[in-house]
Amino acid sequence: GAGVSQSPSNKVTEKGKDVELRCDPISGHTALYWYRQSLGQGLEFLIYFQGNSAPDKSGLPSDRFSAERTGGSVSTLTIQRTQQEDSAVYLCASSTRLAGVDTQYFGPGTRLTVL
Amino acid sequence: AQSVAQPEDQVNVAEGNPLTVKCTYSVSGNPYLFWYVQYPNRGLQFLLKYITGDNLVKGSYGFEAEFNKSQTSFHLKKPSALVSDSALYFCAVRTGNNRKLIWGLGTSLAVNP
């Protein structure tokens, strides 16, 4: 079946502009996660959606970052007034329970470059 | 604080030799442990996980991992490495009903022909 998809695959923007990154999770997955991966670094948790519950926003680095998930499916991560330090690969994952424990499945990521 | 450590930034092995990528963890409660692989310019792919039961877990691409509770480790292993195994490997852990994963910083595996 179809995996997690993300768009665009690459985004180059100028400092100060806003960007929107999209994630289409696997159909039927109730949980959706956003991560950031900077060059040579591990994964930095950003935000997590679970069903209709309030999202866990504890990883968002500043109020310039926000995310929403419409209809329990597609999610958009928005970065306002982008800064050069926002340059990274943004990864989305969705999850479902396998043998009683959620397993996260990742999309290919969006590479964001802020000039 | 809960944490995951991958003590080696890079592991080099010759093709055909066994490989081990190390992971240790520190959590309160029973851990659920995961290994993911990231090939160049690709997203992360799930390899295997430990929930409970047998300490030796088998996963994709011939990989396996051994859960050792006394040493709080979950090392990834493969009996015979392939050049195509060269990638970045991440260990992650979560506990109980907390669905957020705690991630290691990754280990770069290079398999030399």
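Residues numbered from 1 in each chain as written. Chains lettered and ligands numbered in written order. Predicted model: local features only at pLDDT ≥ 70, side-chain atom pairs only at ≥ 80, totals over all residues. Heavy atoms only, no water.

*Asks:* Would you mind going over the state of the cysteines in detail, with residue names and values included?
*Replies:* Applying the stated criterion across every chain yields a total of 2 disulfides over all chains. With a sulfur-sulfur separation of 1.8 Å, C23(A) is cross-linked through a disulfide to C92(A). Negative torsions about the S-S bond denote left-handed disulfides, and the value of about -65 degrees found for C23(A) with C92(A) makes this one left-handed. Residue C23(A) is found in strand β3 (residues 19–24), and its partner C92(A) is found in strand β8 (residues 88–98); the two are separated by 69 residues along the sequence. Residue C23(A) shares its accessibility class with C92(A), and that shared class is buried. Each sulfur in the disulfide pair C23(B) and C91(B) lies 1.9 Å from the other. Taking the torsion about the S-S bond as the criterion, the C23(B) to C91(B) disulfide, at about -65 degrees, is left-handed. A residue pair is termed long-range when its members are at least 10 positions apart, and C23(B) in the loop between β3 (19–21) and β4 (24–26) and C91(B) in strand β10 (residues 87–95) qualify at 68 residues. Given the relative accessible area of 0%, C91(B) is considered buried. (Disulfide = S-S within 2.5 Å. Helix = DSSP H or I, 4+ residues; strand = E, 2+ residues; numbered from the N terminus. Buried < 20%, exposed > 50% of the residue type's maximum accessible area, 1.4 Å probe, protein only.)

*Asks:* Pulling in residues and values, what's your account of the side chain of T107(B)?
*Replies:* All names here are of chain B. For T107, the position within the fold is in strand β12 (residues 107–112). Side chain to side chain, T107 and Q6 meet in a polar contact 3.1 Å long. In this structure the side chain of T107 is engaged in a polar contact, spanning 2.7 Å, whose partner is the backbone oxygen of E8. Setting aside chain neighbours within four positions, we find T107 in contact with Q6, E8, D9, Q10, V11, V21, A87, L88 and Y89. (Polar contact = N/O pair within 3.5 Å; in protein donor to acceptor, adjacent residues only side chain to side chain. Contact = heavy atoms within 4.5 Å.)

*Asks:* Before we move on, could you go through the environment of Y25(B) and cite the residues and values that matter?
*Replies:* Residue and element names in this part refer to chain B. Inspection of the secondary structure assignment puts Y25 in strand β4. Separated by 21 residues in the primary sequence, Y25 and V4 place their C-alpha atoms 4.4 Å from one another. In this structure, Y25 is in contact with S3, V4, P31, L33, F67, N68, K69, T72 and S73, ignoring residues within four places of it in sequence.

*Asks:* Any chance you could break down empty space enclosed by the protein for me, citing the residues and the numbers?
*Replies:* Summed over all chains, the structure comprises 1 cavity of 30 Å³ or more. Counted as a void, the largest cavity has a volume near 30 Å³. If you trace the largest cavity, you find it lined by Y33(A), D102(A), T103(A), Q104(A), F34(B), Y36(B), R94(B), R99(B) and L101(B). Those elements that provide at least two residues to the lining of the largest cavity are β9 (101–106) of chain A together with β5 (31–38) of chain B. Broken down by element, the lining of the largest cavity gets its largest block of residues, 3 residues, from β9(A). Here the lining of the largest cavity is composed, by residue class, of 4 nonpolar, 2 polar and 3 charged. (1 Å grid on protein atoms, 1.4 Å probe; cavity = no way out; pocket = protein on both sides within 12 Å on 5 of 7 lines; lining within 4 Å. Points joined across faces, edges and corners; volume = space filled by probe spheres on them. Nonpolar A, V, L, I, M, F, W, Y, C, P; charged D, E, K, R; others polar.)

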